[in-house]
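Observations on the three-dimensional arrangement
Each chain is listed here by its residues.
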Amino acid sequence: MKKRMKPKAPETAAPTYLIHDLTVVSPDRQRKDVQSLKNAVISGEQVHFPNRTLLYDLYHDVWSMDGFLRGIIDKRINTVLNKKLKFIDKSGKENVEITKLMRSKAGRGLIKKILESIIWGISGVEFKIGQKFEWEEIPRKHIKPEKGLITKSQYGVSEDNGYKIDDLPFAWIIGEKTDLGLLLACSLYAIYKRGNFGDWAQYVEIFGQPVRIMEYDAYDTKTKEELRKVLNESGNSLAMMIPKQATFQMLDGKQSNGDGQLQSTFKDACNSEMAIAILGNTETTSSSSSSGYAQSKEHGEQQDEITASDLIFVENYLNSEKFLTILKSYGFDVNGEFEYDLDINLAKLKLKIEIDMQVSTKVPIGDDYWYDTYRIPKPDNYDELKKKMDEKSSLAMQPKPSEKPDKKEDPEKEDLSDFSQPKFLDKFFLRLADFFDQARH
């Protein structure tokens, strides 16, 4: 009888903690230029062996070194982080335990990684097994979303050098497979701006101080040495020594750029492009010479739309089966869903309630609409309170006891002393005729 063979464990079985099995390399800090960006994009968009290592090294360089770029990214992320996230169970009540978890450092950090997938193109975390909700970030350079792999080396491109994402129950990869992130649109302007700052600094260094020019006779070496000594001992500003016989001309471009406005305008243009890519507008971060209240308001509404989209994006990932299963493994009751408690825009709400009040005079509007639209909590004893309100309304419609109904005019009790009315004589003669007619009988 043939002996049954035991299945052989795969050589690339996932370790207890994936992070510990990765060979992490520090970011490349060498000089980046436009050609570096082009090469990185080509490497990241290859069909058969895509690798984002060069691209993410460049992203890290421009993101960490450009203060404006980092500021607008933080602004977009913090706008969502500062919104109140709640977990509502199937009965409609808030699960305070899970809500509190998502407000903790680990929860807020996880939401930040979800939002960073929009900026970088992808994010990855590995949850730690245990009683406490903890996780560690998976370096983006090791994630190969196109192949569905996490490689041990950042330059790995095959399954032999890594693990399948689908085989890792506690590894959560966030983002689209082919998305390279919003930093792709910003990197070109960040590189241009960095070069512009270098030129600007050189301009200030050369023309920010007066230039000292000394002339000497070409054959008078003693005078030349004396002048050199004077220049060395009289400060660090730009100094030149030229023979009298030589012709010297300094073409500094001051006539067209005497105050450095050229570099300043170029820097602002790069910042504007990055602000539009990240925030969708420019007026919420800086004001232009042509900006006004209406323009700023319009740009603010555009950013509100982006924030609303980000909130839905976070909700969808937190309510995904993958994350709810991970939460359940920590012992949480996940029979419900996450939702944001949005802030009320009073200006918009005031206009909306005016419209709703007008509409309610034409067609009936259900009570649930008012609760949902204006985010008013519906009381548990709603039916009882509604009945009391209806009774009060019906009583208010009835006339008060002190208010007597209008008396109808009694033709028999009309004031006959009013001679101004033409009917007075007619009624008088009729009554007089009735009197004599009764007297005759």
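As a reminder, the structure under discussion sits directly above these lines.
Our subject in this report is the structure included herewith. (Residues numbered from 1 in each chain as written. Predicted model: local features only at pLDDT ≥ 70, side-chain atom pairs only at ≥ 80, totals over all residues. Heavy atoms only, no water.)

As for the sheet that holds strand β7 (residues 171-174)
Reading across the sheet, the 3 strands line up as β3-β2-β7 and stay open at both edges, with antiparallel pairing between neighbours. Two strands in the sheet have a free side with no partner beyond their single neighbour: β3 (135-137) and β7. Strand-to-strand twist of the sheet, defined as the mean angle between neighbouring strand axes without regard to direction, takes the value 25°. Direction of pairing for strand β2 (residues 123-127) relative to β3: antiparallel, over a ladder of 3 bridges. Its bridge partner being in β3, Glu126 is matched across the sheet by Glu136. Lying over the sheet, helix α5 (residues 105-120) contacts β2, β3 and β7, oriented at roughly 150° with respect to β2. (Pairing = 2+ DSSP bridges. Helix = DSSP H or I, 4+ residues; strand = E, 2+ residues; numbered from the N terminus. Axes fitted to C-alpha atoms, helices over the stretch in contact; angles between N-to-C directions. Contact = heavy atoms within 4.5 Å.)

Observations regarding the side chain of Ser117
Locating Ser117 in the fold gives a position in helix α5. Owing to a relative accessible area of 2%, Ser117 belongs among the buried residues under this scheme. What Ser117 contacts, discounting residues up to four positions off in sequence, is Ile122, Ser123, Ile174, Gly175, Asp179 and Phe313. (Buried < 20%, exposed > 50% of the residue type's maximum accessible area, 1.4 Å probe, protein only.)

Some words on the packing of helix α3 (residues 67-81) against α5
Relative to each other, α3 and α5 sit at 135°, their axes nearing to 10 Å. One way to sum up the angle between α3 and α5 is to call them oblique. The handedness of the crossing between α3 and α5 comes out as right-handed. Judged by residue contacts, Ile73, Arg76, Ile77, Val80 and Leu81 of α3 engage Arg108, Ile111, Lys112, Leu115, Glu116, Ile118 and Ile119 from α5. (Parallel < 35°, antiparallel > 145°, perpendicular 65-115°, else oblique. Left-handed = near helix turned anticlockwise from the far one by under 90°.)

Describing the packing of aromatic side chains
To describe a pair of aromatic rings, you give the distance between the ring centres and the angle between the ring planes. This structure, assessed with the given rule, holds 16 aromatic pairs. Ring centres of Trp172 and Phe323 lie 5.2 Å apart, and the angle between their planes is 15°; this geometry places the pair in the stacked category. Of the two residues, Trp172 sits in strand β7 while Phe323 sits in helix α11 (residues 321-329), which places them 151 residues apart along the sequence. Each member of the aromatic cluster is reached from another via a ring pair, and the members are Phe87, Phe127, Phe133, Trp172, Phe313, Tyr317, Phe323, Tyr330 and Phe338. The aromatic ring of Trp63 is capped on one face by Arg70, whose charged end is 4.1 Å from the ring centroid. (Phe/Tyr/Trp six-rings, centres within 6.5 Å; stacked < 30°, edge-to-face > 60°. Lys NZ or Arg CZ within 6 Å of the ring centre and 35° of its normal.)

Side note on the pattern of salt bridges
Evaluated as defined, the whole model comprises 18 salt bridges. Its salt-bridge partner being Asp28, residue Lys32 comes within 4.0 Å of it at the nearest N-O pair. The exposure class assigned to Lys32 is buried, which follows from its relative accessible area of 11%. On the basis of relative accessible area, Asp28 is assigned to the partly exposed category, the value being 31%. A salt bridge links Arg31 to Asp33, with the nearest nitrogen and oxygen atoms 3.6 Å apart. Asp33 sits in the partly exposed class, given a relative accessible area of 26%. Connected through shared salt-bridge partners, Lys113, Glu116, Glu137 and Arg140 make up one network. (Salt bridge = Lys/Arg side-chain N within 4 Å of Asp/Glu carboxyl O.)

Here we look at the sheet that holds strand β4 (residues 143-144)
Across the sheet, which stays open at both edges, the 3 strands sit in the order β4-β5-β6 with antiparallel pairing between neighbours. Where the open sheet ends on each side, the last strands, each with one partner, are β4 and β6 (162-164).

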